[in-house]
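Secondary and tertiary structure notes
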Number of protein chains: 2
Amino acid sequence: MDKNVPLVVVRRLPRYYRYLSDLEEMGIERVSSQVLSKKLGFTASQVRQDLNCFGGFGQQGYGYNVKMLRDEISKILGLDKCYKIVIIGAGNLGRAILNYPGFTKRGFRFVGIFDQDESLIGKSVGDLTIKGMDELEVFCEEEKPDIGALAIPKGTTDEVAKKLEALGIKGIWNFSHIEVTSAVPVETVHLSDSLMTLAYRISEEEEEE
Amino acid sequence: MDKNVPLVVVRRLPRYYRYLSDLEEMGIERVSSQVLSKKLGFTASQVRQDLNCFGGFGQQGYGYNVKMLRDEISKILGLDKCYKIVIIGAGNLGRAILNYPGFTKRGFRFVGIFDQDESLIGKSVGDLTIKGMDELEVFCEEEKPDIGALAIPKGTTDEVAKKLEALGIKGIWNFSHIEVTSAVPVETVHLSDSLMTLAYRISEEEEEE
């Protein structure tokens, strides 16, 4: 596998992965770059180029083997491993992330949820009990979580990120609306991006009418 | 403006918009395609190509005027209009969306939140009171919301989408983890995509060590 796969290609892989998983569940064995292109909204040549980055699993005229391609993308994304996630922030957002379906089957496991709000500490969310921030250090030493999910809407994000980093966290999944600077990889979820795209599509439809 | 801007380009625009807004807030007046490229992770030629789709606001050697470009992208995305959003589902996810900061300044306004759970109806979330699903029809006739946000984790999504469509909703913002089929534009939020990208970046860093 080419180590220098551009991040922009990597960011497209989850969409391939999701669609290929759907195809596999439907029992479909092969798929062409044309179909992948149409379903995912990339050009067919981009699809071929993307998949060639990882060695190319397609055969001219036969398309791609769905299961092989899905398994390979899964391996490339690192989904064949297991990741422990700790959530910081037990408000609506933190709880929503914890209850969001579909993470477990991709190898992600929520192991802890923390908040500084005294009134939340000790309460149950799913299978977990909300812990106070002063318990975070001992918890990380024992559980060794891989990923910290920041579900704290404003302020203190950089401080918490630094703390997690010092406690051995390997990556930060940032829901906090503010960019986080960290020595470990950070992926920020921007909910408004999809809403802006939707606004565009709505205004476009209105112009066509 | 070219009406046939590919959706894949449109999906990149919110990222330009966010970054240009940041630059504007910092008082920066001009930006080169190289800087945009580096910050956004697109190639410089892709940046030039993307922005040319909309008429091209750059001057050779001078870069782009931040404010003009931001305003133009805002107009293209339809952010100069106001959109009323109704949320279906008042669980953690629905409440988290309602409380998520930064939507208002982009012209989005939450006007209602609905749930079928009797124990939630009548409770307050932010400035809104949770209403029952049987009130949705009258509400839509009076308020005429533009966007329906689906924050119902499983089942009934297609049914609710059809209902919203019949009540005049122009677009669906789908958080439900399941693809929704509708005659109006649908944008689905896949939280797991960013998590999968993060997993890749973590496993890549580990290989490098």
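Conventions we followed
Residues numbered from 1 in each chain as written. Chains lettered and ligands numbered in written order. Predicted model: local features only at pLDDT ≥ 70, side-chain atom pairs only at ≥ 80, totals over all residues. Pairing = 2+ DSSP bridges. Helix = DSSP H or I, 4+ residues; strand = E, 2+ residues; numbered from the N terminus. Contact = placed C-beta atoms within 7 Å. Axes fitted to C-alpha atoms, helices over the stretch in contact; angles between N-to-C directions. Core = buried A, V, L, I, M, F, W, Y, C linked by C-beta atoms within 7 Å. Buried ≥ 20, exposed ≤ 12 C-beta atoms within 10 Å, placed from the backbone. Least-squares fit on C-alpha atoms with pLDDT ≥ 70 in both. pLDDT = per-residue confidence, 0-100.

We now examine the sheet that holds strand S8 (residues 131-132) of chain B. Residues and elements named next belong to chain B. Taken in spatial order, the six strands make up an open sheet running S8-S5-S4-S9-S10-S11, and their pairing is parallel. Each of the sheet's edge strands pairs with one partner strand only, and the pair in question is S8 and strand S11 (186-188). Along the sheet face, helix H8 (residues 157-166) touches strand S4 (83-88), strand S9 (147-150) and strand S10 (171-174) and points at about 170° away from the line of S9.

This next bit is on the sheet that holds strand S5 (residues 108-115) of chain A. Residue and element names in this part refer to chain A. One open sheet accounts for six strands, arranged S8-S5-S4-S9-S10-S11; its pairing is parallel. Every other strand in the sheet has two partners, leaving strand S8 (131-132) and strand S11 (186-188) as the edge strands with one partner each. Looking at chain direction, S5 and S8 are connected through two bridges and run parallel. From the neighbouring strand, phenylalanine 114 faces S8, where its bridge partner is lysine 131. In this fold helix H8 (residues 157-166) packs onto strand S4 (83-88), strand S9 (147-150) and strand S10 (171-174), with an angle of close to 170° to the strand it touches most, S9.

Attention now goes to the nonpolar core. Of all hydrophobic cores here, the largest spans 106 residues; its most connected members are Ile87 and Ala149 of chain A together with Ile87 and Ala149 of chain B. Residues within four places of isoleucine 87 of chain A in sequence aside, it is in contact with Gly94, Ile97, Leu98, Phe110, Ile113, Ala149 and Ala151 of chain A.

Let us look at the relation of the copies chain B and chain A. In screw terms, the move from chain B to chain A is a rotation of 180° and a rise of 0.0 Å along the axis, fitting with an RMSD of 0.0 Å. Both copies are brought into coincidence by an operation consistent with a two-fold rotation axis. Across chain B, the rotation axis passes nearest the C-alpha of asparagine 92 of chain B, at a separation of 2.3 Å. A shared interface surface links the copies, since 100% of the contact residues of chain B are contact residues in chain A too.

All names here are of chain A. The share of residues in chain A with pLDDT of 70 or more is 93%, and the mean pLDDT across the chain is 88. Across chain A, element-level confidence peaks in S8 with a mean pLDDT of 98 and bottoms out in strand S2 (residues 58-59) with 63. Scored by ipTM, the complex comes to 0.85, with pTM at 0.84.

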